[in-house]
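# Summary of the model geometry
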Amino acid sequence: MSYSNHYKNQVSETGKAKKPKASKKDRKLKAPAILDRLGGFFSDERTRNVLGAFLLMFSAILLLSLTSYLFTWKIDQDHVLGSSFGQIATNPDQEIENWLGPIGAYFGHLFIFRGFGVASFVFVLISFLLGFRVLFKINLLPFWKTVGYSLFLLIWLSLLFGAIFDNSLLLLGGSMGFYMNYWLGGVFGKVGAFALIFFSALVFAILNFNLSIPRMIQNLSKDPIMDSDTEVADEEIKDENSEAVLPVDETQTEVALEKEAVETPKSIEFGDEDVAKDAAADATKETIEDELSLDVVEVTPEPEPASAEDVATQADSAVEAEPVVNTPEEENLSLVVEEKTGDEPLPESEKVDPTEMVDYDPLLDLSKYQYPPIDMLEDHGDGSIQVEREELELNKNRIVDTLKNYNIGISKIKATIGPTVTLYEIIPEAGVRISKIKNLEDDIALSLAALGIRIIAPIPGKGTIGIEVPNQNPDVVSMRTVIKSDKFQHSKMELPVALGKTISNETFVVDLAKMPHLLMAGATGQGKSVGLNAILASLLYKKHPAQVKFVLVDPKKVELTLFNKIERHFLAKLPDEEEAIITDTSKVVTTLNSLCIEMDDRYEMLKNAQCRNIKEYNAKFIKRKLNPNDGHKYLPYIILVVDEFADLIMTAGKEVEMPIARLAQLARAIGIHLIIATQRPSVNIITGTIKANFPSRIAFRVTSKIDSRTILDTGGAEQLIGRGDMLYSNGNDLIRLQCAFVDTPEVELITDFIGDQQGYPDAHLLPEFVGEGGESGGESFAEMDRDVLFEDAARVVVLHQQGSASLLQRKLKLGYNRAGRIVDQLEAAGIIGPFEGSKARQVLIPDDLSLEQHLDNLGNKS
C-alpha cells in the first residue's frame, strides 16, 4: 500500500489525519539542523561581540586577581582554603584584602596555589588574545603558535619552580608543579628530574627555533675581542662594496629625474638700453624693465663626482674582500669553510661556519668580477651651456613679433636652456585660444629660421605654453657624464638605464623593470643604435653578470657584434649554438619560443614558491627558503634586444609577432623584458598587438607626422633635429631628451675589459625548443644516447599522465637541460606526443603494463 492510500485510510477511519511517526532515519536528519543552529548562533555578530567583550573583561579580572594575590595571599589564604566558590560568593562579609574581593582571592587561589603557580599568568595572555580575535577579527600574534608556546611555558615553569623551591614556596610552582615534581623525583630522582626539565626545554628550542648546538658551543668558545674586530672589518668591507652592489628599493618610482647640479634660476627683464649695458657688465644680477619680461633659467653643468680611479680602486678592494660559496644548484647547503686568495689562507675570524645558514649570494659565483671603470668613457662635450645672451634675446623677440602679427599678446616668457634645445615658456594674455598658437608652429619656425620647432600647448602640469627651439651650438651629452652622475651611481632601481639629459640639463634615469618593455623607432641615422648601446652600457656599469642576461638579435650583423666578447658573462643562447648573438633570421623564431618556454618554467617556479614576481622569488631564494632539489634556482633578469624588428617581420611575419606579443603580455612578472628597435615605424611593422604591450616608447627623428603617430600616438617626432634628439613616452608624459652618446671604441673597451675577466664556463643556456613534429635536432630514437633515468622518467609521465620537463625536474630532481633532453627522448620513443606550446605534452601510453611492453619493444629494436 502506498503512502498516499495509507494516509487516506487513516483519515476515513478517525475523521482526521494521524501524524506518521518519525523513523530513525528522520530523527538522524534532525541532528545537522541543530548543529546548523548552533553554528548560526556563534557566527552571529551579536554573539561574537558579547563573547569577545567577555573574554577581554575576564582577562582583565584575572590579571588583577593574580597580581593582587601575590601580595595578599598570606592574609586571604585562611578564608579561601577549603572553601568552594559558592561559599565564598554567598559570604560577602569576609575580610578579604584582594583588590577584587572574594572573587579575586578565589581566582588567585585556584590558578596560582592549586594550579600552576606564577606561570598561570599565561591564561591572561591567552584570554586576551582570544577575546581580541573574536571581537575585532584581528590576530595580534600568531594565535595557535602563541597558545602552543604559552601552554609549554605554563607546564615547564611550573615544573622548574616546583623542582627548585620544592614545598618551601609552593606559591611559585603551584600544586601542579609540586605533585609533578613529586612523581618525577620518585621515578628519576631529584637530579634526574632537573635533567629532564632542562632537556625538555632544549628539545623545544631545537624543534621550534632551529637551535644549533654546535653553533652555540662555537659561539661560547670564540674570543669576544676577536669577534668585535671581525664585525668592524665586515662593516668596513660592506661600506666599500656599497657602490658596486646596491639593494633594491620596492618603493622606487618608475622614472627618476633629479638635478645633480645646483641650479640658480635668474629672472631677467629686457627694456632700456642703458640698463641693458649694465646688465651685460654684471652677469650675476640683471634687472631691466620693459613691457615684456624674459626669465632665463640657466642650468649649470653637473658637478664632477669622485674620479674613476677612486671608483676602480674601491671596486678592486671590494672584490678581494668577498668570499666564494658554491651555488645551491650544485649543493644546497654547501658553504666554503676555507678559501685561499693567492697562497695565503683566510684568517680564522673570516671563515664561514658550515653549520650556519647564511644568505645565498649569487654574486659570489664570480666573486672577483670588476665593474668597468668610468675612465673608459670619453668626454665628447665640455658640459657647458653654449647659448649666448644675444641668441636668447633674438629668439624671444622673433617669437613675440610673430605672435603679435596674429594679434596674440603675451604677458610673460621664460627660457630654460638645455644641452641641445631651449624651451621658451609663454603665458598668453587672457582670452587667447591655445589652438590658435598651436596652429602657428610653421610660422614661428619660419621666423626663427630654425629646424625642429615644437610647440607644447599646454605643458602638462603647468599653466604655460612651451616652444622648443634648437640651439645654434648644441652640446654633446656624453655617456661618461650620465654614468658619473649621482642619480645613476646611487640609483636603487632594479635595472637602471641612463638615457641622457632633459631640456633642463637633468640626468634622466629610468627603470627598465618598471617600463616593462621598450619600443624604439626612428629614421635611419638618427641615433637608434647609439641609444641601444647606451642602454646596454648602463646595465653593464650597474649590474653583475649573475643578475642580468642579454639575448641579442642583430639581423644587420654589425651593430651588436662587439658584445660577443662578454658571452660567458652576460649573454644567453640556445644549447649547441656556436654564436650567442643571433644574426640568422631563421633562428630568431626558435629563440623566441625558447624564451616562452623559459617564461612558463619561471611561472611554474613562482607558483610552487607562492610568489607573485621575480623580486619576491629571488628574495625568498636568497633567504634559503626554497630548496634547489625541488627545481628552484636564482633567476637573473633576461633582456631581449632586437636591433631591426622590421627585417624579422618581413621574413618571418606572424611566427615572430606572436611569441613577441606573448612575452610582452606575460613576461614582466618573471623578469623577461623586451627592447625592440626599428627604422620603419609603419603600421604593418609596429602593429596594434605590439603597441598595446609596449607602453614605454622612444621616438627619434622621423620623416612624417604619420610615423610619429605610429610610434607615440601623437605628433612631434617629425620636428626633432636628429643626432640623438628624441622623445620618450611612458604612457602619460612626453619628455624630450638628448640621448647620451657612446662611441664604438668606448663599447669595445668596455666589452674587452669584461671579456678578459674570469667568466662562467659558457653563456647562460636557454631551454631547448622542439618545433612541430619533434624536429629539434633531427635525431631518431635509435641515434640518441638513452639517459640512465629514461625508464624512470617514462614511468613518471605515464603514472601522472603528464609529459613536461618541469614534472621530471620535481620528481627526479633534475636540472632543466637534462629534463628537456629526456623529454625529447620520450617523444622520439613514442611515449609522449609533440610539443603543444604552453600545454603539457600528451602521454601516449595509458598504463604501466603497456609501458613495459613498449620498453621491451624499444629494447629489441635497439
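As shown above, the structure is provided for reference.
Residues numbered from 1 in each chain as written. Predicted model: local features only at pLDDT ≥ 70, side-chain atom pairs only at ≥ 80, totals over all residues. Heavy atoms only, no water.

### What to know about the nonpolar core
Among soluble globular proteins, nonpolar side chains are generally buried collectively. Inclusion rule: Throughout, nonpolar core names a set of buried Ala, Val, Leu, Ile, Met, Phe, Trp, Tyr and Cys residues whose side chains join them through atoms within 4.5 Å. Each residue's exposure class comes from its accessible area (1.4 Å probe, protein chains only) as a fraction of the maximum for that residue type: buried when under 20%, exposed when over 50%, partly exposed otherwise. The helix count covers DSSP runs of H or I at least four residues long, the strand count covers runs of E at least two residues long, and both are numbered beginning at the N terminus. We call two residues in contact when some of their heavy atoms are within 4.5 Å.
Membership of the largest hydrophobic core comes to 115 residues, with the highest contact counts inside it found for Leu-499, Phe-550, Phe-645 and Ile-660. It is helix α20 (residues 585-609) that provides the largest number of residues to this core, a total of nine residues. Contacts of Phe-645, omitting those with residues within four sequence positions, involve Val-656, Ile-660, Ile-676, Ala-677, Thr-678, Ile-685 and Ile-690.

### Things to note about the packing of aromatic side chains
When we look at a pair of aromatic rings, we describe it by the centre distance and by the angle of the planes. For clarity, the cut-off: Side-chain rings of Phe, Tyr and Trp (the six-membered ring for Trp) are treated as a pair once their centres are within 6.5 Å; stacked means planes under 30 degrees apart, edge-to-face means over 60, and tilted covers the remaining angles. Geometrically, a lysine NZ or arginine CZ counts as sitting over a ring once it is within 6 Å of the ring centre and also within 35 degrees of the ring normal.
Per the counting criterion, the structure on display carries 19 aromatic pairs. Judged by centre distance (6.1 Å) and plane angle (35°), the ring pair of Phe-550 and Phe-570 falls under tilted. Here Phe-550, found in strand β13 (residues 548-553), pairs with Phe-570, found in helix α19 (residues 567-570); they are 20 residues apart in sequence, far enough to count as distant. Of the residues examined, Phe-550 reaches a relative accessible area of 2% and is grouped as buried. A network of ring pairs unites the aromatic residues Phe-54, Phe-58, Tyr-106, Phe-107, Phe-111, Phe-116 and Phe-123 as a single cluster. The lysine or arginine in question, Lys-542, covers the ring of Phe-488, its NZ or CZ lying 5.5 Å from the ring centre.

### Quick notes on unusual backbone geometry
Trans peptide bonds make up most of the peptide bonds, and negative phi angles are found at most residues other than glycine. In this model, Met-515 is joined to Pro-516 through a cis peptide bond whose omega is 0°. Mapped onto the fold, Pro-516 is located in the loop between β11 (507-511) and β12 (518-521). Phi at Gln-610 takes a positive value of approximately 60°, unusual for a residue other than glycine. Within the element layout of this structure, Gln-610 appears in the loop between α20 and α21 (614-622). Taking relative accessible area as the criterion, Gln-610 reaches 70% and is therefore assigned exposed.

### Remarks on the pairing of strand β9 (residues 465-470)
To keep things clear, this is the line we draw: Being paired, for any two strands, means DSSP has found at least two bridges between them.
Within β9, six of the six residues are buried, leaving the element largely enclosed by the surrounding structure. Along β9, one buried face is formed by Ile-465, Ile-467 and Val-469 and the opposite face, lined by Gly-466, Glu-468 and Pro-470, is buried too. Across six bridges, strand β7 (residues 421-428) lies against β9 in antiparallel orientation. Paired with Leu-423 across the strands is Glu-468, a residue of β9.

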